[in-house]
Amino acid sequence: ADYPSDWWKPADEQTAPKWEILPQSAKPGEVILSKRTELGVFSNLSKAPFTLDGISYASIEGLWQGMKYPDPTLANDERSKVTGWPNTRAQVYLMSSWESKTAGNVANQIYKDHNLKFITYFDRRFMYNDGKEGSQFHLELITRAIRAKVMQNPEIKALLLKTAGLNLKPDHQMSEDSLPSYKYHEILEKIRAELLKDKAL
Ligand SMILES: Nc1c(N[C@@H]2O[C@H](COP(=O)(O)O)[C@@H](O)[C@H]2O)[nH]c(=O)[nH]c1=O
């Protein structure tokens, strides 16, 4: 296949942050979903509006991190008793990029300080890092969200299909035993396979 060479365009290693995996690190048959190239749109952080279950989000990260914030529609949300939230849940839904990541980091600290464990999606309370049913629910939800992002943004869908034949890799350090919901590159490969199967029919 004929892929744009820009997807592998070398970036300066000296000035790159240490968490980053640069485009030139791809092995044969791989491409890095680098925020330095057009493939950065596949990052959870990228601004790519979508609607899921009737709610609009600016990015996957807006949903991911928003689930940590108190939900005013829930009757007994223990998080509502805690002060110090820098934003409302609705505001985080509409964030993207480092703004949403930062909102999540602040929430992580509040969870730690107040020994909070559960996040929520509508009336479902779960621990997304439990490695059990909470993580499974989270994976299914994030997969549905990434699918909605792809299907509702035709240019993103077209770009995903253009990567057919390449293994997708994250642009930040991630351990092999990360929970599957963190492996957005694998979720995207699965969605790409679904799209290619539909096209072949
Ligand atoms: N650390 C990092 C990203 N981490 C993102 O943060 C989310 C998980 O946050 P948490 O719930 O706090 O573990 C998830 O969407 C993951 O992809 N993303 C990036 O592009 N670049 C990074 O360097």
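It should be emphasised that the depicted structure is a prediction, and the values quoted were computed from it without experimental measurement. All residue numbers refer to positions counted from 1 along the written sequence of the respective chain. Owing to the predicted nature of the model, reporting of local features is limited to residues with pLDDT of at least 70; listing and counting of side-chain atom pairs is limited to 80 or more, with chain, interface and lining totals taken over all residues. The side-chain quantities take in all heavy atoms of the structure and omit both hydrogens and water.

So, about the packing of helix α4 (residues 133–152) against helix α6 (residues 184–200). Fitted lines through C-alpha atoms give the axes, limited to the stretch in contact for helices. The angle between two N-to-C directions lies from 0 to 180 degrees. A helix here means a DSSP run of H or I that spans at least four residues, while a strand means a run of E at least two residues long, and both kinds are numbered starting from the N terminus. At a minimum axis distance of 10 Å, the contact between α4 and α6 shows a crossing angle of 55°. The angle between α4 and α6 places the two elements in the oblique class. For the pair α4 and α6, the crossing hand works out as right-handed. Seen from α4, the contacting residues are Leu139, Ile142, Thr143, Ile146, Arg147, Val150 and Met151; seen from α6, they are Tyr184, Ile187, Leu188, Lys190, Ile191, Glu194 and Leu195. Should an angle fall under 35 degrees it is called roughly parallel, over 145 degrees roughly antiparallel, and 65 to 115 degrees roughly perpendicular, with every other angle called oblique. Should the near helix be turned counterclockwise from the far one by less than a right angle, the crossing is left-handed, whereas a clockwise turn marks it as right-handed. By definition in these notes, contact holds between two residues if any of their heavy atoms fall within 4.5 Å.

Two elements in contact, helix α5 (residues 154–162) and α6, have axes separated by 10 Å at closest approach and are oriented at 90°. By the angle class used here, α5 and α6 are roughly perpendicular. Contacts between α5 and α6 involve Lys157, Leu160 and Leu161 on the former and, on the latter, Leu188, Ile191, Arg192, Leu195, Leu196 and Lys199.

So, on to the site of the ligand. One heavy atom suffices: a residue is near a molecule or strand as soon as one of its heavy atoms comes within 4 Å of it. Near the ligand lie 15 residues; those nearest to it are Lys35, Glu61, Lys68, Tyr128 and Tyr182. In this structure, an oxygen atom belonging to the ligand sits 2.4 Å away from a side-chain N or O atom of Lys35. In protein, a polar contact means a hydrogen-donor-capable atom and an acceptor-capable atom, both N or O and within 3.5 Å, with residues adjacent in sequence counting only if both atoms are side-chain atoms; elsewhere, any N or O pair within 3.5 Å suffices. One of the side-chain nitrogen or oxygen atoms of Tyr128 is found 2.5 Å away from an oxygen atom of the ligand. Here the Shrake-Rupley method, with its probe set to 1.4 Å, supplies the accessible areas, and only the displayed protein chains count as covering residues. Compared with its free state, where it exposes 520 Å², the ligand has 86% of that area covered by protein. Counting residues per element, the ones that place at least two in the shell around the ligand are α1 (60–66) and α3 (97–113). Here the residues of the shell around the ligand are counted per class, giving 6 nonpolar, 5 polar and 4 charged. Each residue gets one label: Ala, Val, Leu, Ile, Met, Phe, Trp, Tyr, Cys and Pro are nonpolar, Asp, Glu, Lys and Arg are charged, and the others, such as Gly, are polar.

Without other data, these values stay purely geometric and don't point to any function.
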